[in-house]
Structures are given as C-alpha cells and as structure tokens.
2 protein chains.
Amino acid sequence: MPANPSFLILHPRLNLYLKPFFLSLPHFSSPSLTFNSIRRFPIPKPPFPINRRNLSSLSSAATTQSTDDNGGGRGRPGALSAPPTTDDVRRIDVNPPRGTRDFPPEEMRLRNWLFRNFREVSLLFGFEEVDFPVLESEALFIRKAGEEIRDQLYCFEDRGNRRVALRPELTPSLARLVIQKGKSLSLPLKWFAIGQCWRYERMTRGRRREHYQWNMDIIGVPDVTAEAELISSIVTFFKRIGITASDVGFKVSSRKVLQEVLRCYSIPENLFSKVCIIIDKIEKIPMDEIKKELKSAGVSEKAVEELLQVLSIKSLTKLEEILGSAGEAVADLKLLFSLAEKFGYSEWIEFDASIVRGLAYYTGIVFEGFDREGKLRAICGGGRYDQLLSTFGGDDLPACGFGFGDAVIIELLKDKGLLPEVNLEVENIVSALDVDLQGAAARVASILREKGQSVDLVLESKPLKWVFKRAARINAERLILVGSSEWQRGMVSVKILSSGEQYEVKLDELE
Amino acid sequence: MPANPSFLILHPRLNLYLKPFFLSLPHFSSPSLTFNSIRRFPIPKPPFPINRRNLSSLSSAATTQSTDDNGGGRGRPGALSAPPTTDDVRRIDVNPPRGTRDFPPEEMRLRNWLFRNFREVSLLFGFEEVDFPVLESEALFIRKAGEEIRDQLYCFEDRGNRRVALRPELTPSLARLVIQKGKSLSLPLKWFAIGQCWRYERMTRGRRREHYQWNMDIIGVPDVTAEAELISSIVTFFKRIGITASDVGFKVSSRKVLQEVLRCYSIPENLFSKVCIIIDKIEKIPMDEIKKELKSAGVSEKAVEELLQVLSIKSLTKLEEILGSAGEAVADLKLLFSLAEKFGYSEWIEFDASIVRGLAYYTGIVFEGFDREGKLRAICGGGRYDQLLSTFGGDDLPACGFGFGDAVIIELLKDKGLLPEVNLEVENIVSALDVDLQGAAARVASILREKGQSVDLVLESKPLKWVFKRAARINAERLILVGSSEWQRGMVSVKILSSGEQYEVKLDELE
C-alpha cells in the first residue's frame, strides 16, 4: 500500500552483509605445545572420584532438555528450561550460536587493531565515545516502517513478558539518550560508538547475525560542514589503514534531490519513502525489477522512465541544469563538494543521484563508501537525519552520522593484501631452570612488570627447548633464565633473542 | 534433595551485585551551549511537510503495540510484534531497559579508564585477549545445578525456537572454545576477556541486570604457580589504580580443605556441592540460617558444629594441625603463600577456611578479593576448575581463572576518593572568524590532524565568546582562529589557552 507519507521510518544505516571474515591469520602452532603435552605433568586428583553415572540423580525435575538445532518451542519464552535429568555430561555444540563469532586471540588482535583505528580517528576529530545497551525495548525499533529491518529484528519476550530486541543499529539508542539528557547537553554533540548489532534472518550466503559497527554522529549542527567533517573522518581512517582513493570512493547525493525530482514529475509526496526504498536497490536487483516495483507502488510508466533517467545523473552540473540552482539540494551538494576540496578529499567523492540509502530516517545529504572494483557491498553509509528525535516524541535537532561495519572493510583489506600482521608480542619470557627456583622466577617477573615490562612467566618446570619454542611463539625479545648458581650471586641470565647475545645481570639492575 | 555428588555444576565466578554506579562525575555544562541555542540557527526545512495524523495509515496490520511495563505475553516469543497503527509518534521511554545502562561520554571515559587498566595489566602478564558471543545456547549454562545462576539466567527462545541466553559469565564460553580448538592450541593458554554479562532477576536494591567482567584464565598449568600468578595480576591492577593492601585483601582457601574436613567428619561425599553452596553464604546470612540449611541438607547437628569450627580457622598452621600435612589442601596452600612472598604480595593475602566460593566448578584453590572495611561484596573471585571441560564432553585440562566485575571496584574507588578525573581533552579547537572561511578552517583542521593533532573543528559560524566556552569545555590546549587578513597572508592566529600567549603562524609551519 503506498500509504507511507514520510521518511520518519527508521532503518539501520548499514546493511548487515556479513560474509565470514577474520579468516585464519597465520597461526603458529608448535606440536610440542599441544593438548597432549600436558599429559606429561601430574594433574591433581579431583577431590572426589566422579562417577558420571551418579549424575543422573542431579535433579528431580522431569523434563528432558533437548539441544537439537530445531528444538521446538518449550513453554513460556522467558521461563527456565528444566535441568537435564538423565545425562549431565553431554557433548555440547562447541561452535558459537549460528551466525555469531568467537574471537580467539588471532581474530581478537585483528578486531582490536580495527577498533583502535576507529577510536583513534574519532579522537583525532574531537569526538567523545558513548555506548548503549545491546538490549533495547523493541518499541525503539518497531516504530520503523522499513521492511528489511522489521523482518530481521532480533526480538523476543523477556522473562517479565516485555518485548525487547538486540539492537540492529545504534542510532535509535543515541536519539533516546539525547532526548533523555535534554537540556543538560552542550551542543553540538560529537559522539562516536563502536557496538555490536544484531539481526535475525535465515542463515544464507554466509551472512552473520551480528556485526560490530563504528558510528560517528554530530548532533546540533544544521550546516553541511557536519557531513563534510564526517566524510573527512572516514577518509582519514581509510588512509590510516592503507586504503587509497583508487581503492574506494564515496557516492554522494541528497534526499532533497529525489524530493525535487518527484515534484518535477508530479509524483505524489506520500510515495516518497516507498520510492526511496525501491531506488536504494538499484545496484542490487535487475532494472526490470526496479521498474516493476516502482510501477506497482503507483508511479506511472512515463514517470518511472524519467525518474530513472534523472537518477542516472552522475554530474552535479547536469543536475543543476535540470533542477535549477534555487533549491536546497543543489546548494547543499555544491557546498559539500567545495568543502571536500578544502578538507582535501575531492578525489574520493562523486555525485551519484541514485544514492538514497535504504535507511528511511535520512532527510538531506546521504553518502556511501564503495570499493571501486565493485565487488563488495557498501563499506559504510550515512547522512543527515534532522527529524529522528520527533519520531520518539522529542524535540528535533539537526543531526547527521554514519555507520561503518566491521565486515566489508576486512574483505577489502584482504582483497588488497592490506590485512596487517598483528602478532602476539610479549617483551620477556622468564623461566626457572630448576623447579626449586619457581619462586625466584616469580620474583624476577614481578620486578620486570613493576618496571612496565611485559612478561610471560613459565609457570611449570619445562625443558629449555620448550621454553625457546614458547619464546618464538610469543615473539619475545628477551629470554631471562633463572639458574641456581647465578641466583646465588643475585644474578640472572639474559638472552637477546634477535641477536643471540647473552649476558648476566644483577637482579636490581634488570630493566 | 541431597543428591548432588560433585561440583561439576557451574556458577558464575562473581555475584552480579550491582549497585548503581558510575555515578555522576563532575560535568561541565555551559548554559549558552544547550539545546535551546540551536534555535538561533536555521534548521533546514524537511523535504515534505509532515502531517503526523497521516501516519495512521502507515500499516494495515491490526494489532496495537503496547509499551507498558507489565505488558502481557504477545504471541510467539520470537515473532514480530505488529507495527503500531494509530499513533506512530509516541513519547518513547527515554531510559534504557530496566537494569541496563547507557554510557554517555563522562561514564564512558570512566569505563574506558577501567578497561584500559584491566587490559594493560593483562598484557603486562603476557595474556592474550579473547571474546565470545554475548548470546549463547542456553544449554551451555543450564547444565549447571547451581541455584542462583539458573534462576537468574537471562534466557529466551529465539525466532527459530532455539533456547538461547545472554551469558551470565564468560567461563563456559571459554571452555567451549578451548574444546573446539582442541589440539591446535599451544598450551598453556593465558587468555583474558572483558565482556558484558547478564542476569535476569527482579529489580530490587538497585541491582542491575548487566555488568562487565574482566576474566583472566590459565589453561594447561596444573601447578599452584598459576593461581599465584593470577592473584599477582589482580594485585598489580589494584596498585595501579591506587588501591593498597590496607584497602583490600584476598581470602584464600582450597576446595580440598572442605573435602578433607568432610571426610574427617564422615559427611557423605554426595553432599559436597550442596554444603559448598551453603557455606559460601556464611558472611551473607545469619549463622542460625546456615546451620538450619546444613541440617536440612542432611548434615548431623554435631557435624555442623564441628564443620563450622573448622571453617572458622584463619591460620594455616592450625589447619595443618587438624588436617595433617600429608594432604594436597595444606600443601597447595603452603606453596601459594610461599609464592605470594616471592611475587611480593604476602600482605595482601590471608587464609580463611570459610572461603569456598558459591561457584560449583572449582576443584582446588579458591580466592576472593574483599574490602577491609567490610562494606562491600566480593570485589573479585576465582579459583581452579580442572574438571569443567569434561562436563561439556571435552577432555579435561588443568585450569584456573578469576572474574572481576566493574561494579564493586567503582564503589570502592568512590569510597576511597580514588575515582580518577577523566576529562575530555582535545588538543586544538579551530574556528573560522567569518562564515566564508569555514573551508579555510577545515583546511587548517586537516593539516593538524594529518600531523596527529586532535582537533575540534567549529562547524558553524559562532561568536568568539561561544568558541572560548567550547574550548574550556573540551580542555583544549590551543585555540586556532582563521581570520580573513591573516588567511590572505597564509597565516593563522594561535592562542595557547593555559598561558594566554598568542601568535601568528604560517599554515605550513603549523605543527
């Protein structure tokens, strides 16, 4: 039904298109340091001999808990499942829930590297970090009429029968907090957040159900300088991680272009949101499909053809010829391109009338980052949303922001061979040469740590060969060995692992 | 029913006792920088005049969505609620869901400060960071027979009718990942994580439903050096943030003490877990209550009296007199105290036989951090859990770890006047003196940022008085003004805000 008169409807800024990523980095694995090697060392006996069969008497409840993947509904949603009765020791599914990720150390290092860059760029631009609950009231998201987000909302009923949802995006929470804080806030706000977002959809094509999103938002600035500043921060981020203007670009337009075009072609204003949503799919589904959808939305065949022609414009000059220079759309865009030159990122941005973003809350400039090879989905997206707060019952404030996911950028870095090597690096490894010197080694480790040196302390009595392998695995700079004769003289033996240089040093001269 | 034969049952390491914290830090608020001031600046007109009444036609669905706090169950848990039909613009609840927190900038700075200290200490000890999904299969947690954790599990049914839960603790996920990675892991693992944990309980006494927990775990080391290393890392953390041994201490015992005591008094081994759980409450509920519970668990009156006497022992020497020196309990504890001396934290730890922790997976040394004034709940807690992996169907590995929440420590820091001042600090504020110089100011900001200087760029044309107030709010070191006459000479005006010193500098000499 073409009944949606506005774009007060909220969408996530960024599609959660989530191919599996953080794929295996080079991972050093030493055969002598595996699970099995632990068997060589005594494992303390459990306080009681555990007879697993005895565990059947664990609980008097009668329900058997099933763990199969398609397990049907079991009673009230928030209610607790009954404990298992017959077999407490079951092989659990060792994988994280479908569509979610673990972050073992090598993936966590990459995530930390990415987030550190998000954070450092945000701070360089004078932004303050904020965060919100990953669980929000469903009402914060379902007031949106945008289709995909509603269908994919990861919502449920809690044990108190309240409708809640794992957030699909951060902006509604930000808007909620801005309304809550009200007049105590000093405008403009320049806020950033890095948060996990969720969606629930059938698991196809390797999409995931969660991703992390970097957001930067400016609240309280009506001028296009705000959008220009946001794009500048993303460009700064790209440059920092080795991405150039020949790798990626920004397509920029304004929702006001579409508004003026629709007026020119006498398309009823209440079709706006629906038309926006269809147009956003232009590069994702065949043109015939777009036309069919526009027609079934109520746009006449002639208007469709003419609309699509205007949307194909990639030149601001040509747009100005058609729309005239009086409207806000052309003025805003010209100002943005002029500011881009001053900020120094002209070569990164281009006008593209087809860009509207699928996110219904935008009211002005919209932009998206894309890879120039055209292999990936949008890397990031954002725009101005001056009327979001009033949809929540607050007073509107001029606002703009962007969302930048952690998935596509990693794909791109991988494609370009730009994924960084982020290795574990511990400055020192300290090992006793004798089990009686374990305490002495602990003393040495403590002295070094007090001086700010990171130390991997070997906690068991291990052969020297093992210690060297461990040292290599953690990329230690120094190996510090605590041996009996040196220790009696208050000395330890230091080996610089890069050069092989070896010397003794007094404990109190250890730095 | 006294039917629980082991402590294979899992509990969270740390009670989620969560008074409201991150209470208001000093917050600078300038009246001229509030919401209202924005009204002086033009807000772009919306593309369409929005008639809110029109929004009633938004959707053809018939159900009205209720947002009241006690709203009853609505259909299938995972199913989507119908969109609102009659009133799209409602005042939403501007507070985060009950028991959850927003992190506006001032709270986020404190959280970042705390997490940075967690992280830096972990790295100093050579630990690697990991993370797991906040949402896990419910089965990972409900196999535990521990009472509180089960009752308070934040569990629900997802849209695919799978039983899932927001994790109450991190350890089961860690165990799952260790089993999954299997032999590819190089032992020992030294892993840390900082993650949000959830529980669902009736909201009383200011408890929250989420908190963040710092975990450090050592997998693959059977020796007590591992526990000693963990306590050393917590002590290092305390020292770092200004907490001394006169503020906090660690109470240490071993589950093996209780085991040996129970054997001495011929208490059946299958009462062990139940007895552990009751004993853990010793400082939380009246002694009469403890006795009653022990009796109703099946411990004879005489045994209860004698058990409580042994549990009141605070001296390792006395414990050795009673248990003898042959058992593992005394040997482990003596080794731990000897290592504590070498690590340099003897004055921080004391033996206390009553410490068993309420967490059923511990098998050996257990410890908890407490405030010496006795005003707060445990600050952190941990111990050895050598048999966790087999409860999930994996091969056991020696393991120990601790959990350290973000709530009690902040309470303690507040009590001691040790909460740090963590202010927003942006090095430069750059402002144009003329609206036409907005682009020039952008150029200046870009130059500084390329040199690694953080810049708050004033994005609108603002009076100088406003700019100075903003500069004070963000604690800027320098104010850089872009004026017409200087700009024509390729210069900008720089003011050092601490000294008032002012000078002109060439654009390309700006550092």
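Since this is a predicted model, take the numbers as computed values, not measurements. (Residues numbered from 1 in each chain as written. Chains lettered and ligands numbered in written order. Predicted model: local features only at pLDDT ≥ 70, side-chain atom pairs only at ≥ 80, totals over all residues. Heavy atoms only, no water.)

Digging into the sheet that holds strand S10 (residues 380-384) of chain B
All names here are of chain B. Operational definition: Strands are treated as partners if at least two bridges between them are detected by DSSP. The helix and strand labels rest on DSSP assignments: H or I over at least four residues marks a helix, E over at least two residues marks a strand, and numbering proceeds from the N terminus.
The eight strands are arranged S1-S5-S6-S11-S10-S9-S7-S8 in an open sheet whose pairing can be described as mixed. Every interior strand has two partners, whereas the edge strands, strand S1 (128-129) and strand S8 (349-351), have only one. Note: strand S7 (residues 248-254) against strand S9 (residues 365-371), seven bridges, orientation antiparallel. Looking across to S9, one finds that Lys251 is bridged to Glu368.

Let's talk about helix H9 (residues 301-311) of chain A
All names here are of chain A. This is how the line gets drawn: For every residue, the accessible area (1.4 Å probe, protein chains only) is compared with the maximum for its type, and the residue is labelled buried under 20%, exposed over 50%, or partly exposed between those bounds. What the arc covers is the set of directions going from the helix axis to the C-beta atoms. Here, two residues are considered to be in contact whenever any of their heavy atoms come within 4.5 Å of each other.
When we look at burial in H9, the residues that qualify are Ala303, Val304, Leu307, Leu308, Val310 and Leu311. Projected down its long axis, H9 shows its buried positions confined to an angular sector of 160 degrees, all on one face. Within H9, the exposed residues directed more than 90 degrees away from the buried face are Glu301, Lys302 and Gln309. On its buried side, H9 packs onto helix H6 (255-264), helix H7 (272-279) and helix H8 (287-296).

A word on the sheet that holds strand S11 (residues 399-405) of chain A
All names here are of chain A. Filter applied, for reference: Fitting a line to C-alpha atoms yields each axis, with helices limited to the stretch in contact; the angle taken between N-to-C directions then spans 0 to 180 degrees.
If you trace the eight strands from one edge of the open sheet to the other, you get S1-S5-S6-S11-S10-S9-S7-S8, paired in mixed fashion. Looking at the sheet topology across the chains shown, the edges are occupied by strand S1 (128-129) and strand S8 (349-351). By the bridge criterion, ten bridges tie strand S5 (residues 189-198) to strand S6 (residues 210-219) in an arrangement that is antiparallel. Across the sheet, residue Phe192 finds its bridge partner in S6, namely Met216. Set on the sheet, helix H5 (residues 225-240) makes contact with S6, strand S7 (248-254), S8, strand S9 (365-371), strand S10 (380-384) and S11; between it and S11 the angle comes to about 20 degrees.

Regarding the side chain of Lys251(A)
Residues and elements named next belong to chain A. Mapped onto the elements of the fold, Lys251 is located in strand S7. For Lys251, a relative accessible area of 9% puts it in the buried group. Every residue in contact with Lys251, bar those within four places of it in the chain, is listed here: Glu283, Glu350, Asp352, Ile355, Val366, Phe367, Glu368 and Phe370.

Some remarks on the state of the cysteines
Residues and elements named next belong to chain B. Which entries qualify depends on this criterion: The criterion for a disulfide is a pair of cysteine sulfur atoms lying within 2.5 Å.
On inspection of all chains with the given rule, the structure shows zero disulfides over all chains. Here Cys155 stays free of any disulfide, with the sulfur of Cys197 as its closest cysteine sulfur at 15 Å. Under the relative-accessibility criterion, Cys155 is labelled buried at 1%.

Here we look at the UniProt feature "binding site: L-histidine" (unreviewed entry) in chain A
All names here are of chain A. What counts is decided by this rule: UniProt positions are given in the numbering used here, feature names are shortened, and annotations may be inferred rather than shown by experiment.
When the UniProt feature table is mapped onto this chain, "binding site: L-histidine" (unreviewed entry) is found at Glu169, Leu170, Thr171, Arg199, Gln213, Asp217, Arg357, Tyr361 and Tyr362. Within the element layout of this structure, Thr171 appears in helix H4 (residues 171-181). Its location among the elements puts Arg357 in the loop between S8 and S9.

Notes on a nonpolar patch on the surface
All names here are of chain A. Selection rule: Each patch groups residues whose relative accessible area exceeds 30% and which form no salt bridge, using 9 Å between like charges and 5 Å between nonpolar side chains of Val, Leu, Ile, Met, Phe, Trp and Tyr. Areas reported here follow the Shrake-Rupley algorithm with a probe of radius 1.4 Å; residue values treat only the protein chains shown as occluding. We define a salt bridge as a contact between a side-chain nitrogen of Lys or Arg and a carboxyl oxygen of Asp or Glu at a distance within 4 Å.
The grouping of Leu433, Leu464 and Phe468 at the surface amounts to a nonpolar patch, some 250 Å² of accessible area in total. Relative to the helices and strands, Leu433 is located in the loop between strand S12 (428-432) and helix H14 (438-450). Taking the relative accessible area as the measure of exposure, Leu433 reaches 48% and is therefore partly exposed.

Comments concerning the confidence of the model for chain A
Residue and element names in this part refer to chain A. Stated formally: pLDDT expresses, on a scale from 0 to 100, how confident the predictor is about each individual residue.
Looking at chain A as a whole, its pLDDT mean stands at 82, while 80% of the residues score no less than 70. Scored below 50 in pLDDT, residues 1-12 makes 66 contacts in the model with residues more than four places away or belonging to other chains. Scored below 50 in pLDDT, residues 143-147 shows 22 contacts in the model against residues more than four places distant or in partner chains. For this predicted complex, the interface score ipTM comes out at 0.84, while the overall pTM is 0.85.

Description of the packing of aromatic side chains
All names here are of chain A. Test applied: To pair, rings of Phe, Tyr and Trp, with the six-membered ring standing in for Trp, must have centres within 6.5 Å; the planes then decide the type, stacked if under 30 degrees apart, edge-to-face if over 60, and tilted in the middle. We count a charge as sitting over a ring when the NZ of a lysine or the CZ of an arginine lies within 6 Å of the ring centre and within 35 degrees of the ring normal.
For the coordinates displayed, the defined rule picks out 41 aromatic pairs over all chains. Taking the centre distance of 6.1 Å and the plane angle of 50 degrees together, the rings of Phe237 and Phe238 count as tilted. Note on accessibility: Phe237 and Phe238 belong to one class, buried. One aromatic cluster in this structure is built from Phe103, Phe115, Phe118, Tyr212, Trp214, Phe237, Phe238, Phe250, Trp348, Phe367, Phe402 and Phe404. Across from the ring centre of Phe370, 4.6 Å away, lies the NZ or CZ of Lys251, which sits over that ring.

Things to note about the nonpolar core
Note the cut-off: In these notes, a set of buried Ala, Val, Leu, Ile, Met, Phe, Trp, Tyr and Cys residues joined through side-chain atoms within 4.5 Å is what counts as a nonpolar core.
In this structure, Trp214(B), Phe237(B), Phe238(B), Phe250(B), Leu258(B), Phe404(B) and Ile409(B) are the most contacted members of the largest nonpolar core, which totals 108 residues. In contact with Ile409(B), other than residues within four places in its own chain, are Leu114(B), Phe237(B), Phe238(B), Ile241(B), Ile379(B) and Phe404(B). If you look at the next biggest cluster of nonpolar residues, it comprises 107 residues, including Ala245(A), Leu271(A), Ile313(A) and Ile349(A).

Things to note about the packing of helix H6 (residues 255-264) of chain B against helix H7 (residues 272-279) of chain B
Residue and element names in this part refer to chain B. For clarity, the threshold we go by: Oblique is the label for any angle not covered by the other classes, which are roughly parallel (under 35 degrees), roughly antiparallel (over 145) and roughly perpendicular (65 to 115). Take the far helix as the reference: if the near one is turned anticlockwise from it by less than a right angle, the crossing is left-handed, and if turned clockwise, right-handed. Side-chain classes are defined by residue name, with Ala, Val, Leu, Ile, Met, Phe, Trp, Tyr, Cys and Pro counting as nonpolar, Asp, Glu, Lys and Arg as charged, and the others, Gly among them, as polar.
At their nearest, the axes of H6 and H7 sit 11 Å apart, and the two run at 120 degrees to each other. With respect to H7, the axis of H6 lies oblique. As H6 packs across H7, the resulting crossing turns out to be right-handed. In this structure, H6 contributes Arg255, Leu258, Gln259 and Leu262 to the contact, and H7 contributes Phe272, Val275, Cys276 and Ile279. Its residues assigned to classes, the contact of H6 with H7 shows six nonpolar, one polar and one charged.

Points about the pattern of salt bridges
One pass over the structure, following the stated rule, counts 72 salt bridges over all chains. As a salt-bridge pair, Asp247(B) and Lys416(B) come within 3.5 Å of each other at their nearest N and O atoms. In this pair, Asp247(B) is assigned in the loop between helix H5 (225-240) and S7 and Lys416(B) in the loop between helix H13 (408-415) and strand S12 (428-432), connecting sequence segments 169 residues apart. For the salt bridge of Arg470(B) with Asp456(B), the shortest nitrogen-to-oxygen distance reads 2.8 Å. Taken together, the residues span a long stretch of sequence, with Arg470(B) in helix H15 (residues 464-473) and Asp456(B) in strand S13 (residues 455-457) at a distance of 14 residues. A single burial state applies to Arg470(B) and to Asp456(B), both of which are buried. What emerges from the salt-bridge pattern is a single network uniting Asp247(A), Glu373(A), Lys375(A), Asp415(A) and Lys416(A).

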